[in-house]
Amino acid sequence: MSKFSEWFHNILEEAEIIDTRYPIKGMHVWQPQGFKIRKHTLSLLRELLDEDHDEVLFPLLIPEDELAKEAIHVKGFEEEVYWITHGGLTPLNKKLALRPTSETAMYPMFPLWVRSHTDLPMRFYQVVNTFRYETKHTRPLIRVREITTFKEAHTIHTDSEGARQQVERAIEIYSSFFDQLGIPYVVTRRPEWDKFPGADYTMAFDTLLPDGKTLQIGTVHNLGQTFARTFDITYETAEGEHEYVYQTCYGLSDRVIASIIGIHGDSSGLKLPPIVAPYQVVIIPVLFKKTAQEVLDFCKQLQNKIKKAGLRVHLDDRDLRAGKKYYEWEMRGVPLRLEIGPRDIENKKMVTLRRDTMEKEIVDYREDALINDLNMILDDIARNLKEKAWENFQENIHPAKTLEDAKNIITNEKGIVSFSWCGDEACGIEIEEYVTVDILGVNEEATEGKCINCGKNAQHVALLAKTY
Ligand SMILES: Nc1ncnc2c1ncn2[C@@H]1O[C@H](COS(=O)(=O)NC(=O)[C@@H](N)CS)[C@@H](O)[C@H]1O
Ligand SMILES: [Mg+2]
Ligand SMILES: [Zn+2]
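Residues numbered from 1 in each chain as written. Chains lettered and ligands numbered in written order. Predicted model: local features only at pLDDT ≥ 70, side-chain atom pairs only at ≥ 80, totals over all residues. Heavy atoms only, no water.

Caption draft 1: Quick peek at the pattern of salt bridges. Summed over the entire model, instances satisfying the criterion amount to 29 salt bridges. We note a salt bridge from Glu78 to Lys75, for which the minimum N-O separation is 2.6 Å. Looking at Glu78, the relative accessible area reads 42%, which means it is partly exposed. Judged by relative accessible area, Lys75 falls into the exposed class, the value being 56%. Linking Arg383 and Asp380 is a salt bridge whose minimum nitrogen-to-oxygen distance equals 3.2 Å. A residue pair is termed a helical-turn pair when its members lie 3 or 4 positions apart in one helix, as Arg383 and Asp380 do in helix H13 (residues 370-395) at 3 residues. Look at the salt bridges and you will find they share partners, linking Glu16, Asp316, Arg318, Lys325, Glu328 and Arg332 into a network. (Salt bridge = Lys/Arg side-chain N within 4 Å of Asp/Glu carboxyl O. Buried < 20%, exposed > 50% of the residue type's maximum accessible area, 1.4 Å probe, protein only. Helix = DSSP H or I, 4+ residues; strand = E, 2+ residues; numbered from the N terminus.)

Caption draft 2: View of helix H11 (residues 322-331). Within the sequence span of H11, burial applies to Lys325, Tyr326, Glu328, Trp329, Glu330 and Met331. Where the residues of H11 are buried, they touch helix H1 (4-14), strand S15 (281-285), strand S16 (313-315), strand S17 (336-340), strand S18 (349-354) and strand S19 (360-364). Gly333 sits one or two residues past H11 and shows a positive phi near 80 degrees. (Contact = heavy atoms within 4.5 Å.)

Caption draft 3: Highlighting the nonpolar core. Ranked by internal contacts, the top residues of the largest apolar core, which has 60 residues, are Phe8, Ile17, Leu141, Phe177, Phe178 and Ile261. A total of 8 residues in this core trace back to one element, the largest contributor, which is helix H7 (residues 160-181). Mapping this core onto the domain boundaries places at least three of its residues in each of domain 1 (4-264) and domain 3 (397-465). In terms of nonpolar packing, the next biggest core, distinct from the first, is built from 27 residues, Phe58, Ala97, Phe110 and Leu120 among them. (Core = buried A, V, L, I, M, F, W, Y, C linked by side-chain atoms within 4.5 Å. Domains from an automatic or database assignment.)

Caption draft 4: Representation of the packing of aromatic side chains. Taken as a whole and judged by the stated rule, the model has 25 aromatic pairs. A ring pair is formed by Trp193 and Trp421, whose centres lie 6.0 Å apart and whose planes are at 80 degrees; its orientation type is edge-to-face. With a gap of 228 residues between them, Trp193 in the loop between strand S9 (186-189) and strand S10 (201-208) and Trp421 in strand S21 (residues 416-421) connect regions that are remote in the sequence. Among the residues examined, Trp193 registers a relative accessible area of 26% and is labelled partly exposed. In textbook terms, an aromatic cluster arises when at least three aromatic residues are bridged by ring pairs, as seen for Tyr174, Phe177, Phe178, Tyr185, Phe205, Tyr250, Trp390 and Phe393. Here the guanidinium or amino end of Lys95 rests over the ring plane of Trp83, the centre of that ring lying 4.4 Å away. Positioned above the aromatic ring of Tyr201 is the side chain of Arg189, whose terminal nitrogen or guanidinium carbon lies 4.3 Å from the ring centre. (Phe/Tyr/Trp six-rings, centres within 6.5 Å; stacked < 30°, edge-to-face > 60°. Lys NZ or Arg CZ within 6 Å of the ring centre and 35° of its normal.)

Caption draft 5: Layout of the site of ligand 1. Taken together, 21 residues lie around ligand 1, and Thr101, Glu103, Glu134, Thr219 and Ser253 are the ones closest in. Separating a nitrogen atom of ligand 1 from a backbone N or O atom of Val144 is a distance of 3.0 Å. Contact distances for ligand 1 include 2.8 Å between a nitrogen atom and a side-chain N or O atom of Ser253. Computed on the free molecule, ligand 1 has an accessible area of 590 Å², of which 96% lies beneath the protein chains in the complex. Only strand S8 (146-157), strand S11 (214-224) and strand S14 (246-252) provide two or more residues apiece to the shell around ligand 1. Per-element tally for the shell around ligand 1: the top contributor is S11, with 5 residues. Residues belonging to the shell around ligand 1 are distributed by class as follows: 8 nonpolar, 7 polar and 6 charged. (Near = heavy atom within 4 Å. Polar contact = N/O pair within 3.5 Å; in protein donor to acceptor, adjacent residues only side chain to side chain. Areas by Shrake-Rupley, 256 points an atom, 1.4 Å probe, with all protein chains shown as cover. Nonpolar A, V, L, I, M, F, W, Y, C, P; charged D, E, K, R; others polar.)

Nothing here speaks to function; it is all geometry.
Here you go:
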């Protein structure tokens, strides 16, 4: 996968995921196949969030003075904000920002919603497009200027313990989400110098793409009371006092879909986890002159049976060579293919091809157990995709004893380097400069050992990697 970037761009085009020919850099079109994958990914995410969040929808535009209120936050975004300056031919007396994220759209409204401690906790999320004028190299789904699939959650709590617990809860939700997609990840606390602008601390999910670079696929921020003070979000305590609230926010984006494609894909194309596949099963009838009608009739009722059981199934009865059909559905990543010919019907057999292993099998066609048999295979495909992805991920985490080791690993193998770190900012910046990549953060406390750079006692096991 040394040519991962080329492979990635090709498969987006060939599998008709998105069309990057839209005439604005960093903004792309979701085509039907990609849109379906996105739709199924989002329905899985909503299922997880709807447990204890309420979905809302805020305006896209943010008044300039609201955006500017939180100094650190606006500093972090001032180079990335798109502005609206006119309504038709009329210049606006107040510029309007396109949301880069929605803290400054939502938080001016929260004082109108939050009155008493009995109103809390509140947990909202929205799935919207956000806009960031990314100056670094844009890449489809990975670093875009219109983030079309931005899920942002924003929660409000009476005390810091509530916010801390919500951060843990968000990490559980994201872990379950990525686990169901078979995407491996490491969770770290971002270094002070790389946290979300305005946050007390940032927890981040990083995965690894086949070119050995990590991709930040989700972040959870503990905002403390910073935004509450800026936007005057207070609640009345049981004792009739007024206290500032504590907040968290956590976000995911199109990068989740980039990871599904990039991590599970292979040289034949997409390999989709059944849970997000537009078609989970494709039926290919093997047609000969004499028996074509009989086979087609059989496959039609097979398709109806599978559809009725709630599986997404497609019958490809086009007048095309079978081999052409096999190539296409393998490229589009359909998890399971059934090939049905006249002899199979006679012998009560069917030929299955699993996209994850590319293994063909002749299995019994068991009329009454068919749906169960198919679900067993699909579940096994999901499990196998996840296992293979985690194996590969873990193989690419390398411990480094010295800075030299770290630099060599990053230069030769890329991947993720784990090392002992004192946790001191100046030392951390020195390490980043020497190894010329980012410290992802710390993900567990170190008990013994010396800092890889300054020799002081190590406080943490830290990770570093070349990132997107
Ligand atoms: N230009 C971009 N293209 C694609 N995904 C992006 C881009 N910028 C950020 N993301 C993704 O969006 C996630 C959330 O963005 S963020 O800035 O870290 N956090 C927020 O905006 C907070 N308001 C939480 S919702 C990031 O973890 C990253 O996965
Ligand atoms: Mg950014
Ligand atoms: Zn150190």
